Amino acid sequence: MTQQKSLVTEMQQVQLAIELIELGARLQVLETETDLSRARLIRLFKEVRGMSPPKGMLPFSTDWFITWLPNVHASLFYNIFRSLREDQQCERMQAFVTAYRLYSEQVSIDQVEPVLGLTRAWTLVRFFESDLLQQSTCTQCSGHFVAHAHSPDHDYVCGICMPPSRAGKTRKRREREAAQLAPVDLELPAARCAG
Ligand SMILES: [Zn+2]
């Protein structure tokens, strides 16, 4: 019985690894989130993506998530993730994969370039878990936005309500795009994690 259970667990982990690889996960994500061996994960990666996983450390810092456009995307993603975790009680990695799919769908519906890769989204969740980031509520639009942890936010105004002053055509277009992604009044399909 124990043997059977561990086989099921292993299959679930392989399934999770495949899903994550398909969505663009780096090897570090897979190594952290599954108990599968590195050799096995590399083999899976090659099978799914048809290439070896890229080498090197994850270069991300918390600052990236605070810069203007990434902040809008990161905030949208994290709102979805948090809603799945807290409102729908989804298991952590199931919530993560579902939130990333929903984020990608939203971005493609709005015809906006996806700025937040899966590995970055995962890093974002880890930063929240390490208490390096917080959600600050915009005093103007009431949206919840990613901010450095412990930063004062009683008069916080988000990047959509107060875009950076640098204008320009691309910038303007991006501002319009970002406004469509505003993490306000998010309507999530119910019970996405049942099952
Ligand atoms: Zn705002």
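Notes on the structure in this doc start here. (Residues numbered from 1 in each chain as written. Predicted model: local features only at pLDDT ≥ 70, side-chain atom pairs only at ≥ 80, totals over all residues. Heavy atoms only, no water.)

### A closer look at the coordination of the zinc ion
- Looking at the zinc ion, the protein donor atoms are Cys 138 (SG), Cys 141 (SG), Cys 158 (SG) and Cys 161 (SG), and they sit 2.3 Å from it.
- For the zinc ion, the 4 donor atoms in the first shell make angles of 104 to 114° at the metal, a pattern classed as tetrahedral.
- Each donor residue of the zinc ion lies on one chain, and together they are spaced C-x2-C-x16-C-x2-C. Of this pair, Cys 138 sits in the loop between strand 1 (133-137) and strand 2 (144-148) while Cys 158 sits in the loop between strand 2 and helix 8 (169-180), and the two are 20 residues apart along the sequence. Summarising the burial analysis for this pair, Cys 138 and Cys 158 share the class buried. (Donors = N, O, S within 2.8 Å, 3.2 Å for Na, K, Ca; no water. Tetrahedral: all angles 85-135°; square planar, octahedral: opposite > 155°, others 65-115°. Helix = DSSP H or I, 4+ residues; strand = E, 2+ residues; numbered from the N terminus. Buried < 20%, exposed > 50% of the residue type's maximum accessible area, 1.4 Å probe, protein only.)

### As for the pattern of salt bridges
- Throughout the structure, instances matching the rule amount to 6 salt bridges.
- When the shortest N-O distance is used, the salt bridge between Arg 38 and Glu 31 registers 2.8 Å.
- Between Arg 92 and Glu 129 there is a salt bridge, with its nearest N and O atoms 2.6 Å apart. Of this pair, Arg 92 sits in helix 6 (residues 92-109) while Glu 129 is found in helix 7 (residues 118-129), placing the two residues 37 residues apart along the sequence.
- Owing to a relative accessible area of 45%, Glu 129 belongs among the partly exposed residues under this scheme. (Salt bridge = Lys/Arg side-chain N within 4 Å of Asp/Glu carboxyl O.)

### Notes on unusual backbone geometry
- The phi angle at Asp 131 is positive, at roughly 65°, despite the residue not being glycine.
- One non-glycine residue, Ser 142, lies in the positive phi region at around 65°.
- Locating Ser 142 in the fold gives a position in the loop between strand 1 and strand 2.

### A look at the pairing of strand 2
- One ladder, built from 5 bridges, connects strand 1 with strand 2; its direction is antiparallel. Paired with Ser 136 across the bridge in strand 2 is Phe 145.
- Following strand 1, the chain reverses through 6 residues before pairing antiparallel with strand 2; Ser 142 in that reversal takes a positive phi of roughly 65°. (Pairing = 2+ DSSP bridges.)

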